Amino acid sequence: MNLASPVQTAGGGRASAYFKRLMWPLIVLAALLIVNIAVTGFDFIVPSVHDGRLGGAFVNILRRSAPLLLIALGMTLVIATKGIDLSVGAVYAIGAAIACQYILNGDQSALGVVVTAVTLALAIAALIGAWNGAMVAYFGVQPIVATLILMIAGRGIAQLITGGQIPSVADDSPFVSIGRGAIATVPVPIIIGVAVFAALVLLTRTTALGMLLESVGGNPEASRLAGIRAKGITVLAYLIAGICAGLAGIIGAANLGSADANNGGLWIELDAILAVVIGGTTLLGGRFFLVGTTIGVAIIGTLEVTIINVGLSSQWQFTAKAIVVFIVAMLQSPEFRAWILRPFRTGRPGRTPAAHDPEKAPAK
Amino acid sequence: MLKKTLAGIATGALLLGAAACGGGDDEGGGGSDGLVVGFAQVGAESAWRTANSDSVRDSADADDRIADLQFVDAQQQQEKQIEAIRNFITQKVDVIVLAPVVETGWTDVLTDAEQAGIPVILADRGIEEADEDLYVTRIGSDFVEEGRKAGTWTVEEFAENETTGILQLEGTVGSAPANDREAGFFEILDGEDFSYELVDSQSGDFTAEGGKAVMETFISTHGLEDIDLLYAHNDEMGLGAIQAIEEAGYEPGTDIQIIIVDGSKAGFQAGVDGKLNYIVECNPVFGDQLMDLVVQVADGADVEKFTPVVEDAFGVDEFEAELPNRQF
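Just so we're clear, the structure is a prediction, and the values are computed from it rather than from any experiment.

Here we look at the domain arrangement of chain B
All names here are of chain B.
Okay, so step 1: The domain boundaries assigned to chain B delineate domain 1 (2-141 + 284-310) and domain 2 (143-282).
Okay, so step 2: With both chains or domains summed, domain 1 and domain 2 bury close to 380 Å², and 49% of this area falls on carbon and sulfur atoms.
Okay, so step 3: Of all residues in domain 1, Trp48, Ser141 and Pro284 give up the largest surface area on contact with domain 2, accounting jointly for 77% of the area buried on that side.
Okay, so step 4: Where domain 1 touches domain 2, the interface holds 0 salt bridges.

Quick notes on the side chain of Arg53 of chain A
Okay, so step 1: With respect to the helices, strands and loops of the structure, Arg53 of chain A is situated in strand β2 (residues 53-55).
Okay, so step 2: One polar contact links the side chain of Arg53 of chain A to the main-chain carbonyl oxygen of Arg180 of chain A, over a distance of 2.6 Å.
Okay, so step 3: Apart from residues lying up to four places away in sequence, Arg53 of chain A is in contact with Ser48, Arg63, Arg180, Gly181, Ala182, Thr185 and Pro187 of chain A together with Glu247 of chain B.

Things to note about the interface of chain B and chain A
Okay, so step 1: With 30 residues of chain B at the contact, the number on the chain A side is 30 residues.
Okay, so step 2: Here chain B meets chain A over a buried area of about 2,500 Å², counting both sides, of which 48% is carbon and sulfur.
Okay, so step 3: Broken down residue by residue, the surface that chain B buries against chain A is led by Gln202, Glu209 and Glu247 of chain B, which jointly contribute 22%.
Okay, so step 4: Taken together, chain B and chain A are joined by 4 salt bridges.
Okay, so step 5: Measuring nitrogen to oxygen at the nearest pair gives 2.9 Å for the salt bridge that ties Glu216 of chain B to Arg63 of chain A.
Okay, so step 6: Summed over the shared surface of chain B and chain A, the number is 13 residue pairs in polar contact (both at pLDDT 80 or more).
Okay, so step 7: Classifying every residue of the side of chain B that touches chain A by side-chain character gives 10 nonpolar, 12 polar and 8 charged.

Comments concerning the side chain of Asn309 of chain A
Okay, so step 1: Among the structural elements, Asn309 of chain A can be located in helix α12 (residues 290-310).
Okay, so step 2: A polar side-chain atom of Asn309 of chain A sits 2.4 Å from a polar atom in the side chain of Thr221 of chain B.

A look at the pairing of strand β2 (residues 66-73) of chain B
Residue and element names in this part refer to chain B.
Okay, so step 1: As judged from the 7 bridges shared by strand β1 (residues 35-41) and β2, these two strands associate in the parallel manner. For Val37, the partnering residue across the bridge sits in β2 and is Leu69.
Okay, so step 2: In terms of handedness, the path from β1 via helix α2 (residues 47-62) over to β2 forms a crossover that is right-handed.

Remarks on helix α8 (residues 235-247) of chain B
Residue and element names in this part refer to chain B.
Okay, so step 1: The terminal C-alpha atoms of α8 lie 18 Å apart, and with 13 residues this matches the ideal 18 Å at 1.5 Å per residue to within 8%.
Okay, so step 2: The buried count for α8 comes to 12 of 13 residues, which makes it a mostly enclosed element.
Okay, so step 3: When α8 is considered as a whole, its buried residues turn out to be Asp235, Glu236, Met237, Gly238, Leu239, Gly240, Ala241, Ile242, Gln243, Ala244, Ile245 and Glu247.
Okay, so step 4: One side-chain oxygen of the residue at the start of α8 lies 3.0 Å from the amide nitrogen of Met237, identifying that residue as Asn234.
Okay, so step 5: Remark: Gly249 follows α8 within two positions and exhibits a positive phi of approximately 90 degrees.

Calculation rules
Residues numbered from 1 in each chain as written. Chains lettered and ligands numbered in written order. Predicted model: local features only at pLDDT ≥ 70, side-chain atom pairs only at ≥ 80, totals over all residues. Heavy atoms only, no water. Domains from an automatic or database assignment. Buried area = accessible area lost by both parts, 1.4 Å probe. Salt bridge = Lys/Arg side-chain N within 4 Å of Asp/Glu carboxyl O. Helix = DSSP H or I, 4+ residues; strand = E, 2+ residues; numbered from the N terminus. Polar contact = N/O pair within 3.5 Å; in protein donor to acceptor, adjacent residues only side chain to side chain. Contact = heavy atoms within 4.5 Å. Nonpolar A, V, L, I, M, F, W, Y, C, P; charged D, E, K, R; others polar. Pairing = 2+ DSSP bridges. Right-handed = clockwise from strand over helix to strand, strands pointing away. Expected span 1.5 Å × (residues − 1). Buried < 20%, exposed > 50% of the residue type's maximum accessible area, 1.4 Å probe, protein only.

Below, the structure written as structure tokens:
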């Protein structure tokens, strides 16, 4: 079994395992970038500054991917505990709805109102995450069921908050700069994405939390017997996922200046799961790769632009995505790689049909 | 709004109760003063839909010929609509109005309605062709005609251009409004002797988020120098695209002309602000027209299979005057 067990977490082995996991997603990302550069020229990758904000195609992709990145990072932690969180899209909508609605009811241009709105939205998102985690950890509800409840009900809740309308925040409110602004020319969503990424990496890799998460996901019962408070860890993972989803909703709403309870972050949970899997974290729990997830998000974001740049019609959107995901999934499978490379490895003289191999193998 | 939602839930609960009791009550049904109408609405998923619900309710209230409108909000679930229709049948309403959530799966319940002798009118959306005999008429927007209006304006506006560069923001792939608005638009452009180039066309999924993201990519890929016109299949996408255009340092409405379909308050406001150039209306306020149709159908009059909603289109000069009239 290649699936890393918590035992082999020694420095060197870990680094090379890391690289192996990340190599294939990186190759796919590079290929996508090359395709785009070939079609649209180097302008694609070279950032330009406009209105004091970095722009250009690739920077725009990163900026637009920030909400998906946040959600995918949260999802990575949840998946590490052998769970899954389907409610993140709904929490995205709830976070966006709370923030926008609160600002609309107050003084739109007041910084204090905006700060309170964002804090309130994040607090409720955290609460929802903790609720999900508690259902999974303490009441033994299967993660897919526990979070499915809010996936279905969440958008209804968001609609109740917005009164079925799409609340729009004025363009001069400080709120919109969370989505559109820039600090030292770097767009704010990118800054938030990097900050959350750094915080989670520090939290999971410099403290024992990462190891605890992996051991809980690897074997909850053994972890409990080893004295790890598995339930608390699980709740924490869902809570972080909730906050990330709420924050993503805030960025999305700030970008548009409005909160669409029905369509905001629609199906983002599936893209997030996809990004996590592309990034090398398996749905079985245990080892997780925050860097891999980030690359996965970049692949998904770049892919959407590639479809337009290459000139594929909109009917191709889903098919093209499926093809790329298929390629990444296949590349990551050691069995598939071995199967593909087999004719080259056996060498010319001993070239035997594949069907004979299983018989030969035991003889050796 | 909360009150309205609660009222909706209460109505649902009442209906459920009625079903549970076996519908023994003998109320409703061909009463002497006025018709009883059951309306299974999709939900409250958009401002357009809310305006539509309000319009139908208001018109029913104001109309003497209608005794009662049983309004059911199906929260975008077909099961709830089917349940609502079964309740309407049990209650022996005079006419059933259905705004179907999806196109398929209506054969059984609509056959039941037919056997009970209750005529069915579809509102807004259609159902699959195999079930065409199961309803009397469909009242709704003529999406192809909406596309044609946008096309006609384009042909006139850019008549003097040598060639016109066009970007299109499509609605959700495969949806009827997206297909038809595209078809109607290009039917006019191709029909007239008009030189144009469709520089790019992608789906923005009818959302502001999608419209903005796709427009950003359009701008970074094609630039706006050779683009004269943006045609957005709804106003959410158009409004998103306007943000993208502004953030890229261009002036929407001037550097690039913009047509949107729908005509919400937000859309008209953008028009008043000079950010777009033509609005094709997709009118949700067809309550009065629907009530007339209900009465005709209840009287057994012959009606066309499709009843287009009266819809308009607005140019730059008309935005300001029209803005206060917008219902959604």
